[in-house]
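Structure at a glance
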Amino acid sequence: MMTAEAAEQVVIQLPPEELAKFRDWFAEFQADAWDAQIEADAAAGKLDALAEEALAEYQRGEAQEI
């Protein structure tokens, strides 16, 4: 398995056009990982308290449109 330090050295050596491709790929990779974590947290009920708080604020008329 590659270490983060080894990956850094590879990335540093990328030519600009390859670095741009890598940046785009990594942004998508990171977004997908974030989405998966949010979905897992929601399925596990970890966001329930936040949702209840938001709904209560809305019902009290304290919510602001964004």
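In case you missed it, the structure is sitting above this.
Read on for a plain summary of the structure. Here the structure is a predicted model, which means the values were calculated and not measured.

Here we look at a nonpolar patch on the surface
- Taken together, the side chains of Trp25, Phe26 and Phe29 present a nonpolar region at the surface, about 330 Å² in accessible area.
- Residue position: phenylalanine 26 is located in helix 2 (residues 16-43).
- The partly exposed category is assigned to phenylalanine 26, whose relative accessible area is 35%.

Overview of the packing of aromatic side chains
- For the structure shown, the criterion picks out five aromatic pairs.
- Seen from their ring centres, tryptophan 25 and phenylalanine 26 are 6.2 Å apart, and the 50° between their planes marks the pair as tilted.
- Ring plane angle 20° and centroid distance 5.1 Å describe the contact between tryptophan 25 and phenylalanine 29, whose orientation is recorded as stacked. Note that tryptophan 25 and phenylalanine 29 are positioned in helix 2 at a spacing of four residues, about one turn of the helix.
- Given a relative accessible area of 45%, phenylalanine 29 falls into the partly exposed group.
- Joined through ring pairs, the aromatic side chains of Phe22, Trp25, Phe26 and Phe29 make up one cluster.

Details of the pattern of salt bridges
- Using the criterion set out here, one finds three salt bridges in the structure.
- Across the salt bridge formed by aspartate 41 and lysine 46, the nearest N and O atoms sit 3.9 Å from each other.

Conventions we followed
Residues numbered from 1 in each chain as written. Predicted model: local features only at pLDDT ≥ 70, side-chain atom pairs only at ≥ 80, totals over all residues. Heavy atoms only, no water. Patch = residues over 30% accessible without salt bridge, like charges linked within 9 Å, V, L, I, M, F, W, Y side chains within 5 Å. Areas by Shrake-Rupley, 256 points an atom, 1.4 Å probe, with all protein chains shown as cover. Salt bridge = Lys/Arg side-chain N within 4 Å of Asp/Glu carboxyl O. Helix = DSSP H or I, 4+ residues; strand = E, 2+ residues; numbered from the N terminus. Buried < 20%, exposed > 50% of the residue type's maximum accessible area, 1.4 Å probe, protein only. Phe/Tyr/Trp six-rings, centres within 6.5 Å; stacked < 30°, edge-to-face > 60°.

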